[in-house]
Amino acid sequence: MADAKVIPFDDDRSRARRRPGRTDGEAAAVRALPGPQQGPQEPQGAREGAQGAGTAPEAGAASAADASSGAAAEAGAGAGGGWERRLAGGLAFLRRRVTGDYEVDEFGYDEELTDQVLMSLIRPLYEKYFRVEVKGVENIPAEGGALIVSNHSGTLPLDGLMMQVAVHDHHPAGRHLRLLAADLVFVLPVVNELARKAGHTLACAEDAERLLRAGEIVGVMPEGFKGIGKPFGERYKLQRFGRGGFVSTALRAGVPIVPCSIVGAEEIYPMIGNARTLARVLGFPYFPLTPTFPWLGPLGALPLPTKWTIQFGEPIPTDSYAPEAAEDPMLMFNLTDQVREQIQHTLYKLLVQRRSVFF
């Protein structure tokens, strides 16, 4: 199998192709056909009476029948053409995958695979199972880089995937979210490859800054494992945001920080216990015990169908600060605290507004 072509992530990857429009000279000329030879002239009144008595209803019925059959034929052709186009597109996609004729950036991000396969697999969970409601997506810039900072919860990191679909499907510009993931993601078999293909990259300042300077939307969840692995009794209480590394990255890149609050993820796996010994043996940061897992086996890994809300807050600009501001610890502390407080306040507000965990 041929290798995929690697392109720099800041290259223009737009594949839009302009189709040439038709010119006036290419339009087909319509000519009037000569009528039949007319016989001897009949009295006008007799001719009109004959047409009104017989030919008019027949002609009307024939015209209606022709119109109905034409509409049915066009509908059938349109439906058949749609299936043919989808089949042709699917075959072309498979051919490109087999021959290696597709593009990935230097981080391993495969935009075509993400849009046509991975998003299609996640979208039913997003739309039908969790029924995600998105608010404030217009606060994400239409172009240029931005850092989305969100709370993290749910025992398993499904909230990052749902946020990725929310940005792609609801933003007017159809932007892609590049998530920063923990080291553990990139050492797990299968998960490592899928995460790279979906645009995830290692949560380090250097990679994040390069993506932001290239005009990408980058997502980070500063709580890390402390957020997704916290007990159910501490749900929706934000953990520490670290030492503000994400703020310094945004300051160096000069991009806005967009706070994001996610409600609904805390209840998908109510974590009532943590088997720490088993977690150390397996090399995991925690091993969750829920009312269904591991007692029900694989069935216990099914998340509860909670109702989600994702709200993107007002962006916090950073381009007005001097370049050396990224080295100011007090400024980083204040901005980190501002982002954290805004997310926490929005979480409480959304919790008060929701009617039920499941509806």
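Here the structure is a predicted model, which means the values were calculated and not measured.

Brief notes about the packing of helix α7 (residues 245-253) against helix α9 (residues 329-353)
- For the pair α7 and α9, interaxial distance at closest approach is 9 Å and the crossing angle is 105°. When the axis of α7 is compared with that of α9, the two are roughly perpendicular. Of α9, the residues touching α7 (which contributes F246, V247, S248 and L251) are L331, M332, L335, T336 and V339.
- Class assignment of the residues belonging to the contact of α7 with α9 gives a composition of seven nonpolar, two polar and no charged.

Quick notes on the packing of aromatic side chains
- Within the structure shown, the criterion is met by four aromatic pairs.
- Pairing Y129 with F130 gives two aromatic rings, centres 5.3 Å apart and planes at 75°, and the pair type is edge-to-face.
- With relative accessibility at 24%, the residue Y129 sits in the partly exposed group.
- In this structure F130 comes out as buried when scored by relative accessible area, which is 0%.

Things to note about α7
- α7 sits mainly inside the fold: seven of its nine residues count as buried.
- Where the residues of α7 are buried, they touch β4 (146-150), α5 (205-213), β7 (217-220), β8 (257-263) and α9.

Topic: the side chain of T114
- Within the secondary structure, T114 is located in helix α2 (residues 111-129).
- Taking the relative accessible area as the measure of exposure, T114 reaches 2% and is therefore buried.
- Within the structure, T114 has its side chain in polar contact with the backbone oxygen of D110 (distance 2.8 Å).
- For T114, the contacting residues outside a window of four places in its chain are Y109, M119, K197 and A198.

Things to note about the sheet that holds strand β11 (residues 309-312)
- Taken together, seven strands build an open sheet; the order of strands is β3-β11-β8-β4-β7-β5-β6 and the sheet is mixed. Only two strands of the sheet have a single neighbouring strand rather than two, namely β3 (133-135) and β6 (201-202).
- For β8 and β11, the ladder comprises four bridges, and the chain directions are antiparallel. The partner of I262 across the bridge, within β11, is I310.
- Lying on the sheet, α7 is in contact with β4, β7 and β8; it crosses β4 at an angle near 165°.

Points about the pairing of strand β5 (residues 177-181)
- Most of β5 is tucked away, with five of its five residues classed as buried.
- For β5 and β7, the ladder comprises three bridges, and the chain directions are parallel. From the neighbouring strand, L177 faces β7, where its bridge partner is I217.
- The β-α-β motif built from β5, the intervening helix α4 (residues 191-197) and the parallel element β6 has right-handed crossover chirality.

A look at a nonpolar patch on the surface
- Nonpolar side chains collect at one region of the surface, where L278, V281, L282 and F284 lie side by side and expose about 360 Å² of accessible area between them.
- If you trace the backbone, L278 turns up in helix α8 (residues 276-282).
- Overall, the relative accessible area of 37% leaves L278 in the partly exposed class.

Considering unusual backbone geometry
- Omega for the bond connecting F293 with P294 falls within 30 degrees of zero, at 5°, which places this linkage in the cis form.
- Mapped onto the fold, P294 is located in the loop between β10 (288-289) and β11.
- Of note in this structure, T155 is not a glycine but carries a positive phi near 70°.
- If you trace the backbone, T155 turns up in the loop between β4 and α3 (158-170).
- Look at T155 and you get buried, because its relative accessible area is 6%.
- At Y236, a residue that is not glycine, the phi angle is positive and equals roughly 65°.
- For Y236, the position within the fold is in the loop between α6 (225-228) and α7.

Rules used throughout
Residues numbered from 1 in each chain as written. Predicted model: local features only at pLDDT ≥ 70, side-chain atom pairs only at ≥ 80, totals over all residues. Heavy atoms only, no water. Axes fitted to C-alpha atoms, helices over the stretch in contact; angles between N-to-C directions. Helix = DSSP H or I, 4+ residues; strand = E, 2+ residues; numbered from the N terminus. Parallel < 35°, antiparallel > 145°, perpendicular 65-115°, else oblique. Contact = heavy atoms within 4.5 Å. Nonpolar A, V, L, I, M, F, W, Y, C, P; charged D, E, K, R; others polar. Phe/Tyr/Trp six-rings, centres within 6.5 Å; stacked < 30°, edge-to-face > 60°. Buried < 20%, exposed > 50% of the residue type's maximum accessible area, 1.4 Å probe, protein only. Polar contact = N/O pair within 3.5 Å; in protein donor to acceptor, adjacent residues only side chain to side chain. Pairing = 2+ DSSP bridges. Right-handed = clockwise from strand over helix to strand, strands pointing away. Patch = residues over 30% accessible without salt bridge, like charges linked within 9 Å, V, L, I, M, F, W, Y side chains within 5 Å. Areas by Shrake-Rupley, 256 points an atom, 1.4 Å probe, with all protein chains shown as cover. Salt bridge = Lys/Arg side-chain N within 4 Å of Asp/Glu carboxyl O.

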